[in-house]
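Geometric and topological summary
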Amino acid sequence: MAFNRPDQLKKLEAPFDLCIIGGGASGAGVALDATLRGYRVLLIEKGDFATQTSSKSTKLVHGGVRYLEQAVKKLDWQQFKMVYKALHERNILLQNAPFLAHPLALLTPCYTWFDRMYYRMGMWVYDLIAGRTNLEPSRGLSQRQMRALCPSLEMHHVRGGVLYYDGQFNDARYALAILQAAEAAGACILNYATLNSFVHSPKSLKIKEVCWTDLLSGQTYQIPVKAVINATGPFTDHIRALANPKLKPRMKVSRGAHIVLSADFWPGSTALLIPKTDDGRVIFVIPWREYVLVGTTDDPDSLSESPEILSDEIDYLLDYFNRYATKKATKKDVNATFVGQRPLLQAALDSALSTDTKSLVRDHEVEIDGRSKLVSIMGGKWTTYRVMAADTLDELEREVLHKAASPCRTQDYTLVGGYENEKPRFLAEAAHLPADVQTHLWATYGSQAFALLSSDLTRIHPELPYVAGELDYLKVHEMATCWDDVLMRRWGIGLRNERLAEEIKANKKEAFAS
Ligand SMILES: Cc1cc2nc3c(=O)[nH]c(=O)nc-3n(C[C@H](O)[C@H](O)[C@H](O)COP(=O)(O)OP(=O)(O)OC[C@H]3O[C@@H](n4cnc5c(N)ncnc54)[C@H](O)[C@@H]3O)c2cc1C
């Protein structure tokens, strides 16, 4: 069976053990882990895969230097553990799909000798916590070394800097690679399929069936399952309320805006960490393919399916970028913008119905509703999606299925496209193609890219490396159903350059019906 809707719909004839709601990082992680533990899995996603928060992150695979600072300042052991876990996951994420994730050098400029010592020590601790999984040791830099790495950095009053390493990844395609791996292992995975309601057992009120609609055909389904996992990120409370209207909300939404400039505003491959804005935030300036990503903000928001950037947010990000860059950008230099909504976990408001009710805001939590037995995975971050999934499955087996935890097999599980040893052979077979097309095909499809070599290799836009043959491939093997699926997530060009994305769409209207 291939990763397309007709093939996945055929799988609906078989019975399922688990239904996972949500096809972002959390749902994808749970689907793979559950399938590898031997469960028959159905995953439904209301929009496209990673359509919400999981394609709108800052694209860092990180332990969180900010969490580390808080851990040290407050001597908070929980925060230390969070950083430790994330730093170890960082490596696993990089290893399991190397074509989609790589190490990134980040520079923090320092304006006083005290700052220099403070950040040097902080990054040293970061390295220490990473231990054997450290990507590269951090180091102090002189002004001359800083200029060489970041030629556009405004050096006025700079006393030196600290260079450290985290990861950078393609978030939307990473979610797809996890889902493809789950599908290949046996799961049924569907986009544009929304959960409507649950059927409960009349006696125990436990969920026994899921009712959902295929949004492309309009057909509704009612499918019996042994358990349901709610992995809907910022939308978690909505599903919790469907399962048990007595449950109190647990999620808070915070918006994070990004702007994208062309790379000539920040040449080189080293990112900048602005460690403290006037209002105490952290902002990154990150080289991102032929562009530079500036973000992010962090403000309370109300839940939205299509959050849009505000004019003030663009001004705010430009203001900080211009304070640190010699080449100043204005609003008309902004190629694209995007906003994500963080699914933040707030204190348990009502302890009566959940198994775990500690009153602190934490990174992630698995909640099992005592009445409906709905399992909700809440909070977290992209970097730790895999441990979040493992925790979810362990809790599910213990508390709902009442069986001993089965082993988690995702740690060394190569995702679809992740066979890096195939790269030399691919480059040899693709040697006749222009360098940018070769790079694009490998960076997008990894070891799956061979399939494209026998397709129509004409460019679909003179400025871009995308080729015509990809469109059929994306429909048949990556479940793309419309231009947005391709431009915003499979290729991501819509998040980097809105003009080019519109031009592709206008030139190739016939590729998709809508
Ligand atoms: C601005 C910003 C920057 C970030 N940067 C980073 C970073 O650099 N590194 C990092 O590690 N983390 C980062 N994060 C955090 C990370 O992106 C999120 O924690 C993660 O993507 C959340 O994934 P999720 O699957 O829980 O939620 P989502 O990605 O939102 O997925 C939930 C899915 O559920 C679906 N859904 C909702 N209702 C239904 C329904 N009724 N039926 C079916 N499906 C439904 C939605 O359509 C959605 O696709 C960032 C977050 C934000 C907001």
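In this text the structure is predicted, and so the values were computed from the model without any measurement.

Regarding helix H13 (residues 469-477), the residues found buried are Gly469, Glu470, Leu471, Tyr473 and Leu474. Met479 lies just past H13 and shows a positive phi near 60 degrees.

What follows deals with the site of the ligand. Every one of the 37 residues lining the ligand counts as a neighbour, but Ser26, Glu45, Ser54, Leu60 and Thr383 are closest to it. In this structure, Glu45 approaches the ligand through a side-chain N or O atom, which is 2.6 Å from an oxygen atom. Protein coverage of the free-state accessible area of the ligand, which is 1,000 Å², stands at 97%. Residue assignment for the shell around the ligand shows that the elements contributing at least two residues are helix H2 (25-36), strand E8 (193-200), strand E12 (251-262) and strand E17 (336-345). Its residues assigned to classes, the shell around the ligand shows eleven nonpolar, 20 polar and six charged.

Bringing a nonpolar patch on the surface into the picture now. On the surface, Phe114, Met117, Tyr118, Met121, Trp124 and Leu128 cluster together into a nonpolar patch covering about 690 Å² of accessible area. Topologically, Phe114 is positioned in helix H5 (residues 113-130). Under the relative-accessibility criterion, Phe114 is labelled exposed at 55%.

Relative orientation of the contacting elements H2 and helix H10 (residues 385-400) amounts to 55 degrees, with a least axis distance of 8 Å. Relative to H10, the element H2 is oriented oblique. Taken as a pair, H2 and H10 cross one another with a handedness that is right-handed. Taking contact as the criterion, the partners of Ala25, Ser26, Gly29, Val30, Asp33 and Ala34 in H2 are, on H10, Tyr385, Met388, Ala389, Ala390, Thr392 and Leu393. Residues that form the contact of H2 with H10 fall into these classes: eight nonpolar, three polar and one charged.

What counts, and where the lines are drawn
- Residues numbered from 1 in each chain as written.
- Predicted model: local features only at pLDDT ≥ 70, side-chain atom pairs only at ≥ 80, totals over all residues.
- Heavy atoms only, no water.
- Buried < 20%, exposed > 50% of the residue type's maximum accessible area, 1.4 Å probe, protein only.
- Helix = DSSP H or I, 4+ residues; strand = E, 2+ residues; numbered from the N terminus.
- Near = heavy atom within 4 Å.
- Polar contact = N/O pair within 3.5 Å; in protein donor to acceptor, adjacent residues only side chain to side chain.
- Areas by Shrake-Rupley, 256 points an atom, 1.4 Å probe, with all protein chains shown as cover.
- Nonpolar A, V, L, I, M, F, W, Y, C, P; charged D, E, K, R; others polar.
- Patch = residues over 30% accessible without salt bridge, like charges linked within 9 Å, V, L, I, M, F, W, Y side chains within 5 Å.
- Salt bridge = Lys/Arg side-chain N within 4 Å of Asp/Glu carboxyl O.
- Axes fitted to C-alpha atoms, helices over the stretch in contact; angles between N-to-C directions.
- Parallel < 35°, antiparallel > 145°, perpendicular 65-115°, else oblique.
- Left-handed = near helix turned anticlockwise from the far one by under 90°.
- Contact = heavy atoms within 4.5 Å.

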